[in-house]
Number of protein chains: 2
Amino acid sequence: VKVYLAGPDVFLPDPQARGAALKAVCAAHGLRGVFPLDPIEDDPAWRALPEAQRIALRNEAHIRAACAVIANLSPFRGPSADVGTVFEIGFARALGLPIFAWSTDPRPFAARTRDFLGDAARHDTTGTRDAQGMLVEDFGCTDNLMLDGAVIASGGALLTPPPQLPYSDLDIFSGCVERAARLLR
Amino acid sequence: VKVYLAGPDVFLPDPQARGAALKAVCAAHGLRGVFPLDPIEDDPAWRALPEAQRIALRNEAHIRAACAVIANLSPFRGPSADVGTVFEIGFARALGLPIFAWSTDPRPFAARTRDFLGDAARHDTTGTRDAQGMLVEDFGCTDNLMLDGAVIASGGALLTPPPQLPYSDLDIFSGCVERAARLLR
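Visitor: How do you make sense of the interface of chain B and chain A when you look at a structure like this?
Guide: It is common to give the size of an interface as the accessible area lost on bringing the parts into contact. Facing the 54 residues of chain B at the interface are 54 residues of chain A. Interface of chain B and chain A: buried area, both sides summed, is about 4,100 Å²; carbon and sulfur atoms make up 70% of it. At the boundary of chain B with chain A, the tally comes to four salt bridges. A salt bridge links Arg-77 of chain A to Asp-130 of chain B, with the shortest nitrogen-to-oxygen separation between them at 3.0 Å. Run the count over chain B and chain A and you get 16 residue pairs in polar contact (both at pLDDT 80 or more). Looking at the side of chain B that touches chain A, the elements that each hand over two or more residues are α2 (51-64), α3 (83-95), α4 (109-117) and α5 (145-154) of chain B. Ranked by residue count, the leading element in the side of chain B that touches chain A is α3 of chain B, at 11 residues. Split by residue class, the side of chain B that touches chain A holds 31 nonpolar, 10 polar and 13 charged.

Visitor: Looking at this model, I keep getting lost on the layout of surface pockets. Mind explaining?
Guide: With a probe scaled to a water molecule rolled over the atoms, the places where space remains empty come into view. Here the largest pocket is characterised by a volume of approximately 660 Å³. Those elements that provide at least two residues to the lining of the largest pocket are β1 (2-6), α2 (51-64) and α3 (83-95) of chain A together with α5 of chain B. The biggest single contributor to the lining of the largest pocket is α2 of chain A, with five residues. Looking at the lining of the largest pocket residue by residue, the class counts come to 17 nonpolar, six polar and 11 charged. One number sums up the size of the second largest pocket: a volume of about 470 Å³. In this structure, the second largest pocket is lined by 23 residues; those nearest its centre are Gln-132 of chain A together with Pro-75, Phe-76, Arg-77 and Gly-78 of chain B. At the level of elements, α4 (109-117) of chain A together with α4 of chain B are the ones that each hand at least two residues to the lining of the second largest pocket. Of the residues that constitute the lining of the second largest pocket, the class distribution is 12 nonpolar, five polar and six charged.

Visitor: How should unusual backbone geometry be read in this particular structure?
Guide: Non-glycine residue Arg-77 of chain A carries a positive phi angle of around 50°. As for its position among the elements, Arg-77 of chain A is in the loop between β3 (68-72) and α3.

Conventions we followed
Residues numbered from 1 in each chain as written. Chains lettered and ligands numbered in written order. Predicted model: local features only at pLDDT ≥ 70, side-chain atom pairs only at ≥ 80, totals over all residues. Heavy atoms only, no water. Contact = heavy atoms within 4.5 Å. Buried area = accessible area lost by both parts, 1.4 Å probe. Salt bridge = Lys/Arg side-chain N within 4 Å of Asp/Glu carboxyl O. Polar contact = N/O pair within 3.5 Å; in protein donor to acceptor, adjacent residues only side chain to side chain. Helix = DSSP H or I, 4+ residues; strand = E, 2+ residues; numbered from the N terminus. Nonpolar A, V, L, I, M, F, W, Y, C, P; charged D, E, K, R; others polar. 1 Å grid on protein atoms, 1.4 Å probe; cavity = no way out; pocket = protein on both sides within 12 Å on 5 of 7 lines; lining within 4 Å. Points joined across faces, edges and corners; volume = space filled by probe spheres on them.

What follows is the structure, given as structure tokens:
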């Protein structure tokens, strides 16, 4: 059973080693992890495309061929998850795939966003707003409600740790894979 | 022809006024803009769901019923677009809808991310990396390559301004609607 491993892990200094570590956890649970950098069979027509377009189409193809997505929602350069990962969750949701998500950050979205804003946060009767007056969403979700909502509606699960974990920690990822394997195997 | 207006505009102090302004531009081009906060016919079974889940399912329903998505990719609390918007682009992409995107920020993604990182940016032979050693994607795209890639592959368009515009500016949005109307009407 193929599962697509969405996440900003591709940006790490040694992404192939990271991909191998994530795949080993999947294999231990009887799942075949597909890392975004995994090649797909090369179509000659694709070679004329710019590299960014080839990568985008390859990742879409990986997701179309998978039975589920397991996504790393750890915050990335701001209070929310990496947008490449988020795009792929939306893509998988419309395809009807179950989505399993995990994060190494224990904070709810609103608390994490307030921490990010720091002194720029403003509070009024409508809630917390940033320096541009834009509301901080506060529904007790892990990230923007479209993400929590899609994971739930897809039949998947969203796992976060009790305390903060280092980015490299795989405990929560392992729990997520175990959960996915119970549904998929 | 219905077009879904994805964007963080729902977080503005007066989101209904903003929605009305965006819809007026759409109407001027013969399109019916659907704002995320627009109600859908209430299903009694939905009322038992938590509010966040109801909103997520309502927005998904709006997109399923639309002929295209016009998305505000202006940076939101970090170098990338709002993740709720990005989720909806991924969702629309898998549904096969054309995606039109606009931003008020003229910078390519890599330059904007370097500005965001400031002194935390590190440079080596592989490119620019953040304090966690994670690579700054640099393909000349407007945001993460999954977004630029999906817009292009969907048959849509991605418009950015020559100079920085205030968030409230609608010139680029109008250009985006005009472009969508030429395809859809």
